[in-house]
Amino acid sequence: MDKPKKVKILKFHPEKCNGCLECEKACSMVHFKTKDGGDKSAIRIIKNGDRYQMHVCDQRGLCLDMCPVGALTRRKNGVVWLDKDLCIGCQACVGFCPINAMRKSVSRIQPFKCISCGACVRACPNGALELVEVKIDEIKEIVYHKLGV
Amino acid sequence: MLQGQIPIDEYKTGNTKHTWNLKKLRFAHRVLFDYNYKKQEVQKGYANRTLYIDLSKKEIKEKKVTEEMKNKFTGGRGFGLKLLWDSITSETRWDSVENNLVITTGPLCGITQYPGTGKSLCLTVSPATNIICDCNVGGFVGPYLKFAGFDALEIQGKAKDDVIIFIDGENGKITVEIAPLEETNTHLLTEQLTYMYASEDNDRSRQKVAVVTSGKGAEHSWWGCLNFSFYDIRRKVARVKQAGRGGLGTVFRDKRIKAIVVKVEKVHGLLNNPADPETLVKVGTKLHREIRDLDKYQCNMRAVGTGHLVEIMDAYDLLPCENYRFGSFPKAPKIYSTKFYELFTKIIPDGCWFGCTMACSKTVDGYMVKTGPYKGQKVTVDGPEYETIAACSNMSIWDPLWILEYNFYCDTYGIDTISTGTALAFYMEMYEYGILNKNRCDGLELCFGNAEAVLEFIHKIARGEKGEFINVASKGIRRVKDWLIEKGWGDEKLIEDTGMESKGLEYSEYVTKESLAMQGGYGLTLKGPQHDEAWLIFMDMVNNAIPTFEDKAEALHYFPMWRTWFGLNGLCKLPWNDIEPANNAETDEPTKVPEHVQNYVELFNAVTGKKVDKKELILQSERCYNWQRAMNVWMGRGRRKDDWIPYRSMGPVTEMEYISRKDRYDKQLIEKQGFNKEQIDKMSVKEKMKILYDYRQDQYQKLADAVYYRRGWTPNGVPTPQKMRQLGMDDPRMLKMLQEKIDEDEKAGLNVWGGKYGKGEKPPSIHPRYWEKW
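What you see is a predicted model; the values in this text were computed from it and never measured.

Points about the overall build of chain B
Part 1 of the argument: The secondary structure content of chain B amounts to 31 helices and 17 strands.
Part 2 of the argument: Its C-alpha atoms put chain B at 80 × 60 × 55 Å along the principal axes.
Part 3 of the argument: Expressed as a percentage of its 774 residues, the buried residues of chain B come to 66%.
Part 4 of the argument: Counted over contacts in chain B with a minimum sequence separation of 6, partners at least 24 positions apart contribute 71%.
Part 5 of the argument: Per element, the accessible surface of chain B, about 26,700 Å² overall, is 50% carbon and sulfur.
Part 6 of the argument: Of the side chains in chain B, 110 bear a positive and 106 a negative charge, and the two mean positions are spaced by 2 Å.

Structural data, given as structure tokens:
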């Protein structure tokens with residue numbers, strides 16, 4: 001199988017964001033079929049002073065080597081994907097994510113994360129979100145060397 | 001170097017590939033007897049029943065776990081002790097038909113959200129000590145046993161032919177099958193059975209199978225260990241962890257058990273049905289983050305496992321070298337963890353149970369075997385861990401590749417690396433003094449550092465050779481001491497003082513000469529000299545934090561109780577203090593790691609739904625700890641005389657040892673015993689050694705006095721009926737037995753302090769029969 005070389009990640013334009021959180025609602029719709037947003041959303045918009053910041057997975061894949069059951073893989077499109085049928089809920093990926101972007105909601109034991117599906121991009125009324133393509137080799141990180149030693 | 005982010009299917013170990021004719025192996029199986037059971041879910045950490053198998057009577061039955069049993073014994077090792085008390089007699093020995101091999105789990109065992117939660121506890125009457133030995137071991141068997149429906153497995157009786165016990169949690173069936181054709185040695189047998197019993201021919205199915213095996217070495221020595229498997233989906237290897245101490249594998253093979261196989265239907269994160277899963281997630285994630293941020297600055301477990309201890313022990317003169325004669329060695333840097341880091345396969349995760357991010361189970365893949373029946377083959381070596389490396393430094397083996405070879409063969413033959421290494425180190429010292437020689441050692445040149453002879457010794461055991469030396473030597477140091485003394489070879493005192501065993505079990509790998517509290521940590525124990533009850537060397541020797549007997553006794557009360565608690569719950573001790581919160585040093589009691597103790601309180605409550613505090617955790621342990629000591633008393637080995645330790649663990653036995661650390665010992669004679677420099681200079685080494693010997697022996701007895709008092713035992717080390725009642729352990733048969741033993745001691749005049757108390761010194765109590773008041 002050819003290894004994926006590129007992956008789409010989210011890009012944020014803070015100047016266009018008005019904090020309406022439509023993106024979070026769309027995201028929780030994808031993952032939990034609710035419009036709750038917040039803890040049930042993989043993307044989070046955080047107000048910092050009078051500006052907004054985005055907090056979301058950057059698809060570096062540091063968690064891939066953490067999973068004891070191999071439930072985390074890089075899919076053909078390059079996205080780091082958690083198979084929740086294989087996941088045994090150990091939270092190692094949640095604990096070890098260097099930017100805390102692997103999420104856990106009280107609704108179920110398995111964590112969840114951004115899959116670059118674009119639902120938030122489509123939901124944003126102001127065009128503050130965008131999917132951009134990057135090369136995996138330039139962003140990927142390996143747990144052993146970065147965190148083990 | 002291997003990079004990470006390798007898809008699981010693509011990872012290769014480079015090991016020699018085996019092709020097994022599994023159909024033929026399976027076709028030769030014959031079901032001896034079987035049993036169907038109703039599958040039921042685990043409730044709040046308990047399966048609420050145990051499984052009993054009698055191999056002689058061909059009987060299988062279930063036993064109910066009552067609320068009373070949970071309240072008194074908690075689980076794990078506690079359950080094991082209860083089941084043994086109900087099934088053996090005070091006369092039961094390791095090879096008695098009624099000896100019972102128990103494998104248990106514990107209420108927290110099998111949660112995946114917190115590191116170190118997959119431990120099994122194994123208990124039986126040990127060949128080495130003739131009392132109960134308990135071992136704590138990783139791998140998937142414990143959690144799977146519980147998920148298959150049982151809190152514990154008991155095996156009594158003996159089979160006539162080699163059998164496999166198969167616990168099929170998928171179909172709710174237990175079968176005992178004669179299995180004649182499989183291999184016996186672990187690395188091959190585990191692979192065969194993992195493939196044979198998996199429901200489908202894929203890695204996911206193989207991961208749902210876990211196996212207990214031993215090996216040829218266990219059949220012919222008293223060092224047999226049990227290997228608990230866990231299938232590594234990246235390496236595609238069934239790896240193993242060892243229940244090493246006390247010859248459990250010897251009992252296993254004596255019962256003619258070739259393997260125990262446990263299979264589960266599914267694995268997911270909530271199979272324990274915990275009362276409060278979100279607390280598990282919260283506490284677990286917090287610890288994962290601590291490990292992520294701090295491990296690399298603390299123990300570096302994720303990179304090198306427990307091997308990081310080698311350089312620390314060498315630096316503090318605590319690494320056993322040449323049979324504990326020295327605590328450091330010029331060649332030691334050759335076996336520092338950096339050397340093993342170069343050899344370890346660097347892929348993650350390396351936990352022996354799901355979710356353990358301490359990840360200390362390191363391996364070397366594709367290791368080319370140098371000697372013996374598997375010479376030239378490439379294999380995965382699990383480890384080496386600190387104890388194995390230090391067992392080799394004890395034999396003066398300083399080559400990492402020979403350490404791997406030793407580690408591999410000990411594991412696959414099913415023998416304990418610690419006992420084997422400590423014993424060989426003693427034989428080597430005897431060889432150096434001429435008490436043993438090539439002729440007396442069945443042709444082996446057992447001089448320090450001869451790794452080839454060490455491996456040949458192990459191969460001889462596995463082949464079942466019958467030479468006089470091999471026959472005795474494979475039964476451990478105690479038997480060799482008796483043999484040497486009986487033969488009249490060498491000085492009896494030298495032999496007794498240098499052979500590092502207590503209660504018949506070999507020491508684990510730390511030099512304790514300069515830490516009185518740690519001498520107690522090895523001697524005043526339940527199963528024999530090991531460090532899983534207390535490791536107080538730094539607290540005592542380096543930091544001088546427990547200067548008085550009272551302080552040391554308090555430490556030798558608290559820490560053994562606390563560490564026992566891990567065994568009651570099916571947990572690993574390492575995530576408690578081998579990772580510490582960043583602000584731990586600023587807390588009231590940093591050695592107890594208060595934040596982590598609180599984690600365990602929360603975990604226990606979150607799984608069981610109970611509401612206990614940290615004091616109750618200690619009380620849970622105290623119940624079982626005293627129960628086990630009482631059982632030792634019952635079996636004739638739980639009094640002061642049984643807590644004897646060899647002088648090599650207290651001080652310098654030989655002049656060479658004294659001279660090698662002359663400044664230290666001379667200084668102590670001045671500072672602690674009031675001699676002046678001129679007196680010291682006039683004395684011969686022998687005279688100084690004698691003074692030190694008497695002083696340290698007396699200190700040890702005083703320590704025992706203080707510890708027995710603190711633990712609520714008589715001055716002869718017997719737990720009292722009053723103490724047992726106070727703990728809520730009111731079994732009338734046990735209370736009666738204890739009273740009889742205390743009365744016996746009273747008649748024999750043994751209820752007296754062991755230390756000599758001079759002017760200004762006081763024993764722990766001025767009341768001669770203080771224990772009656774409790």
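Having seen the model, we can carry on.
Side note on the state of the cysteines
When the sulfur atoms of two cysteines share a covalent bond, that bond is a disulfide.
Part 1 of the argument: The full count for this structure, using the stated rule, is 0 disulfides over all chains.
Part 2 of the argument: We note that A:C120 lacks a disulfide partner, and the nearest cysteine sulfur, in A:C117, lies 6.3 Å from it.
Part 3 of the argument: Given a relative accessible area of 7%, A:C120 falls into the buried group.
Part 4 of the argument: B:C225 forms no disulfide, and the closest cysteine sulfur to it belongs to B:C410, at a distance of 8.0 Å.

What to know about the side chain of B:R235
Residue and element names in this part refer to chain B.
Part 1 of the argument: Mapped onto the elements of the fold, R235 is located in the loop between β11 (226-232) and β12 (237-243).
Part 2 of the argument: In terms of polar contacts, R235 uses its side chain to reach the side chain of D350, at 3.1 Å.
Part 3 of the argument: Every residue in contact with R235, bar those within four places of it in the chain, is listed here: Y11, T13, T345, I347, D350, T363 and D365.

Some thoughts on helix α29 (residues 685-711) of chain B
Part 1 of the argument: Here α29(B) contains 27 residues, and its C-alpha end-to-end distance of 38 Å stays within 8% of the 39 Å for a straight helix at 1.5 Å per residue.
Part 2 of the argument: Positive phi appears at B:G712, one or two residues downstream of α29(B), with a value of about 85 degrees.

Observations regarding the interface of chain A and chain B
Part 1 of the argument: Chain A puts 38 residues into the contact, and the matching count from chain B is 39 residues.
Part 2 of the argument: Both sides of the chain A and chain B interface together cover about 3,200 Å² of buried area, and 58% of this is carbon and sulfur.
Part 3 of the argument: With a shortest N-O distance of 3.0 Å, B:E278 and A:K104 are connected by a salt bridge.
Part 4 of the argument: The interface formed by chain A and chain B holds 18 residue pairs in polar contact (both at pLDDT 80 or more) in total.
Part 5 of the argument: When residues of the side of chain A that touches chain B are traced back to their parent elements, those giving at least two are α2 (92-96) and α5 (143-148) of chain A.
Part 6 of the argument: Ranked by residue count, the leading element in the side of chain A that touches chain B is α5(A), at 6 residues.
Part 7 of the argument: A breakdown of the residues in the side of chain A that touches chain B according to their chemical character gives 21 nonpolar, 9 polar and 8 charged.

Concerning the environment of B:T417
Residues and elements named next belong to chain B.
Part 1 of the argument: Here T417 is to be found in helix α15 (residues 417-432).
Part 2 of the argument: Through-space distance from the C-alpha of T417 to that of P721 is 39 Å; in sequence the pair is 304 residues apart.
Part 3 of the argument: In contact with T417, other than residues within four places in its own chain, are T388, A391, Y406, N407, C410 and D411.
Part 4 of the argument: Within polar-contact distance, the side chain of T417 engages the side chain of T388 at 3.1 Å.

A short note on the packing of aromatic side chains
The relative placement of two aromatic rings is captured by the distance of their centres and the angle of their planes.
Residues and elements named next belong to chain B.
Part 1 of the argument: Applying the stated rule across the entire model yields 54 aromatic pairs over all chains.
Part 2 of the argument: Members of the aromatic cluster, connected to one another through ring pairs, are Y114, Y558, F559, W562, W565, F566, W576, Y600 and F604.
Part 3 of the argument: A cation sits over an aromatic face here: R440 above W489, 3.8 Å from the ring centre.
Part 4 of the argument: One residue, R733, lies across the ring of W85, its end atom 4.0 Å from the ring centre.

Concerning the environment of B:N583
Residues and elements named next belong to chain B.
Part 1 of the argument: Turning to its location among the elements, N583 is positioned in the loop between α23 (574-577) and α24 (594-608).
Part 2 of the argument: The class of N583 is partly exposed, set by a relative accessible area of 39%.
Part 3 of the argument: Sequence separation of N583 and E772 is 189 residues, and the distance between their C-alpha atoms is 44 Å.

Observations regarding the sheet that holds strand β13 (residues 257-263) of chain B
Residue and element names in this part refer to chain B.
Part 1 of the argument: Taken together, 7 strands build an open sheet; the order of strands is β1-β9-β8-β13-β10-β11-β12 and the sheet is mixed. Across the chains shown, the open sheet's two edge strands, defined by having one partner strand only, are β1 (30-36) and β12. Each neighbouring strand pair of the sheet contributes to a mean axis angle of 20 degrees, computed without reference to strand direction.
Part 2 of the argument: Across 6 bridges, the pairing between strand β8 (residues 163-168) and β13 is parallel. Each residue of the ladder has a partner; that of I164, found in β13, is A259.
Part 3 of the argument: With respect to the sheet, helix α5 (residues 186-197) is in contact with β8, β9 (173-178), β10 (209-213), β11, β12 and β13, its orientation differing from that of β10 by roughly 150 degrees.

Observations concerning the sheet that holds strand β6 (residues 132-137) of chain B
All names here are of chain B.
Part 1 of the argument: Strand order across the open sheet formed by 6 strands is β3-β2-β7-β4-β5-β6, with mixed pairing between neighbours. Across the chains shown, the open sheet's two edge strands, defined by having one partner strand only, are β3 (59-64) and β6. Looking at each pair of strands side by side, their axes are set apart by 15 degrees on average, direction ignored.
Part 2 of the argument: The pairing of strand β2 (residues 49-54) with strand β7 (residues 152-156) spans 4 bridges and is classified as parallel. Bridge pairing in β7 links Y52 to E154.

Let's talk about the confidence of the model for chain B
Part 1 of the argument: Averaged over every residue, the pLDDT of chain B is 96; the share at 70 or more is 100%.
Part 2 of the argument: Among the scores for the predicted complex, ipTM is 0.95 and pTM is 0.96.

What about the pattern of salt bridges?
All names here are of chain B.
Part 1 of the argument: Per the stated rule, a full pass over the model turns up 78 salt bridges over all chains.
Part 2 of the argument: Put simply, E465 and R463 hold a salt bridge, and the shortest N to O gap is 3.0 Å.
Part 3 of the argument: Under the relative-accessibility criterion, R463 is labelled partly exposed at 47%.
Part 4 of the argument: Residues K592 and E589 are paired through a salt bridge, measuring 3.1 Å at the closest nitrogen-oxygen approach.

Details of unusual backbone geometry
A negative phi holds for most residues other than glycine; trans holds for most peptide bonds.
Residues and elements named next belong to chain B.
Part 1 of the argument: Here the bond from G383 into P384 is cis, since omega is 0 degrees, no more than 30 degrees from zero.
Part 2 of the argument: Residue position: P384 is located in the loop between β15 (378-382) and α13 (386-394).
Part 3 of the argument: Positive phi outside glycine occurs at Y324, with the angle close to 65 degrees.
Part 4 of the argument: Along the chain, the position of Y324 falls in the loop between α11 (309-315) and α12 (337-343).

Quick look at the packing of helix α20 (residues 516-523) of chain B against α29(B)
Residues and elements named next belong to chain B.
Part 1 of the argument: For the pair α20 and α29, interaxial distance at closest approach is 10 Å and the crossing angle is 65 degrees. Remark: the crossing between α20 and α29 carries right-handed chirality. Contacts between α20 and α29 involve L516, A517, Q519, G520 and G523 on the former and, on the latter, Q699, Y700 and L703.
Part 2 of the argument: Taken together, the residues of the contact of α20 with α29 break down into 4 nonpolar, 4 polar and no charged.

Comments concerning the pairing of β13(B)
Residue and element names in this part refer to chain B.
Part 1 of the argument: With 7 of its 7 residues buried, β13 lies for the most part within the structure.
Part 2 of the argument: The pairing of β10 with β13 spans 5 bridges and is antiparallel. Among the inter-strand pairings, V211 is bridged to a residue of β13, identified as V261.

Some details on the nonpolar core
Residues and elements named next belong to chain B.
Part 1 of the argument: In terms of nonpolar packing, the biggest core is built from 233 residues, with I167, I260, Y427 and F457 touching the most fellow members.
Part 2 of the argument: Apart from the residues lying within four places of it in its own chain, the contact partners of I260 are I103, L153, I155, I165, I167, A210, V211, V212 and F252.
Part 3 of the argument: Counting residues in hydrophobic clusters, the runner-up holds 36 residues, among them V65, M69, M635 and L735.

Quick word on the side chain of B:N605
Part 1 of the argument: Within the element layout of this structure, B:N605 appears in helix α24.
Part 2 of the argument: Not counting residues within four places of it along the chain, the set of residues in contact with B:N605 comprises B:A275, B:K610, B:K611 and B:V612.

A few points about the pairing of strand β2 (residues 44-48) of chain A
Residues and elements named next belong to chain A.
Part 1 of the argument: Here β2 runs beside strand β3 (residues 51-55); their pairing, made up of 5 bridges, is antiparallel. Residue pairing across strands places N48 opposite R51, the latter belonging to β3.
Part 2 of the argument: Here β2 hands over to β3 after 2 residues, with G49 in that stretch at a positive phi of 65 degrees.

Each value, and the rule that gives it
- Residues numbered from 1 in each chain as written.
- Chains lettered and ligands numbered in written order.
- Predicted model: local features only at pLDDT ≥ 70, side-chain atom pairs only at ≥ 80, totals over all residues.
- Heavy atoms only, no water.
- Helix = DSSP H or I, 4+ residues; strand = E, 2+ residues; numbered from the N terminus.
- Buried < 20%, exposed > 50% of the residue type's maximum accessible area, 1.4 Å probe, protein only.
- Contact = heavy atoms within 4.5 Å.
- Areas by Shrake-Rupley, 256 points an atom, 1.4 Å probe, with all protein chains shown as cover.
- Lys, Arg positive; Asp, Glu negative; His and termini not counted.
- Charge placed at Lys NZ, Arg CZ, Asp CG, Glu CD.
- Disulfide = S-S within 2.5 Å.
- Polar contact = N/O pair within 3.5 Å; in protein donor to acceptor, adjacent residues only side chain to side chain.
- Expected span 1.5 Å × (residues − 1).
- Buried area = accessible area lost by both parts, 1.4 Å probe.
- Salt bridge = Lys/Arg side-chain N within 4 Å of Asp/Glu carboxyl O.
- Nonpolar A, V, L, I, M, F, W, Y, C, P; charged D, E, K, R; others polar.
- Phe/Tyr/Trp six-rings, centres within 6.5 Å; stacked < 30°, edge-to-face > 60°.
- Lys NZ or Arg CZ within 6 Å of the ring centre and 35° of its normal.
- Pairing = 2+ DSSP bridges.
- Axes fitted to C-alpha atoms, helices over the stretch in contact; angles between N-to-C directions.
- pLDDT = per-residue confidence, 0-100.
- Left-handed = near helix turned anticlockwise from the far one by under 90°.
- Core = buried A, V, L, I, M, F, W, Y, C linked by side-chain atoms within 4.5 Å.

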